[in-house]
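Chain by chain, the residues:
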Amino acid sequence: MQAGSNEDEWREDCAPRRILTMFATKWTSMVLHTLHARHGGAARTGALQRSLPGISQKMLTQTLRRMEEAGLLTRHVGDGMPPAVEYRLTVLGRRFLEPVEMLYGWARDNADALDALGERRG
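Fair warning: this is a prediction, and the values are worked out from it, not measured in the lab.

Novice: Would you mind showing me how to read the pattern of salt bridges here?
Specialist: Two side chains carrying opposite charge are able to pair once their charged atoms lie near each other. Across all of its chains, the model carries one salt bridge by this definition. One salt bridge in this structure joins glutamate 86 and arginine 88, with 2.7 Å as the shortest N-O distance. Arginine 88 gets classed as partly exposed once you look at its relative accessible area, which sits at 35%.

Here it is in structure tokens:
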């Protein structure tokens, strides 16, 4: 802890810990980024899964449910048969995009450093 920092800033329910909990799975940020960058803020489950190589149907469903509970997106069920389900970014989800996109931009700009980290581990 930094000298002079407020103890309340580090309690278990503080904002930094809550945001890091949302990042506990890599898929949350990837779903947000994909919904925004590839789908204009709204997409059906199948389109999301095709846009996220490596995610299983089960993991996508779990991630979407957690994100809906957190208020990052909403689930809309269409009238057809079978009903088409679409996920849309909420205002909070769009606000959450700013740090996600900054992090992704940093990663793209520093890919060589990230590659070097991987080489050290191997």
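Let's pick the thread back up.
Novice: Explain helix H4 (residues 57-70) here, please?
Specialist: Helix length check: H4 (14 residues) gives 20 Å between terminal C-alpha atoms against 20 Å at 1.5 Å per residue, within 8%. Listing the buried residues of H4 in full gives Leu60, Thr63, Leu64 and Met67. Projected down its long axis, H4 carries its buried residues within an arc of 100°, all on one side. Looking at H4, the residues exposed on the side facing more than 90 degrees away from the buried face are Lys58, Arg65 and Glu69. Turning to H4, the residues buried within the fold contact helix H2 (26-37), helix H3 (45-51), strand E2 (73-77) and strand E3 (85-89).

Novice: Hey, could you run me through the packing of H2 against helix H5 (residues 91-109) in this one?
Specialist: What describes two packed helices is the angle between their axes and the distance between those same axes. Contact geometry of H2 with H5 gives a least axis separation of 9 Å together with a crossing angle of 105°. Judged by the angle between their axes, H2 and H5 are roughly perpendicular. Two secondary-structure elements touch here, H2 through Ser29, Met30, Leu32, His33 and His36 and H5 through Gly93, Phe96, Leu97, Val100, Glu101 and Tyr104. Here the residues of the contact of H2 with H5 sort into six nonpolar, four polar and one charged.

Novice: Honestly, the environment of serine 29 in this entry has me stumped. Any pointers?
Specialist: In this fold, serine 29 is placed in helix H2. Residue class for serine 29 comes out buried when judged on its relative accessible area of 7%. Leave out the neighbours within four places in its chain, and serine 29 touches Phe23, Val100 and Tyr104.

Rules used throughout
Residues numbered from 1 in each chain as written. Predicted model: local features only at pLDDT ≥ 70, side-chain atom pairs only at ≥ 80, totals over all residues. Heavy atoms only, no water. Salt bridge = Lys/Arg side-chain N within 4 Å of Asp/Glu carboxyl O. Buried < 20%, exposed > 50% of the residue type's maximum accessible area, 1.4 Å probe, protein only. Helix = DSSP H or I, 4+ residues; strand = E, 2+ residues; numbered from the N terminus. Expected span 1.5 Å × (residues − 1). Arc of directions from axis to C-beta. Contact = heavy atoms within 4.5 Å. Axes fitted to C-alpha atoms, helices over the stretch in contact; angles between N-to-C directions. Parallel < 35°, antiparallel > 145°, perpendicular 65-115°, else oblique. Nonpolar A, V, L, I, M, F, W, Y, C, P; charged D, E, K, R; others polar.

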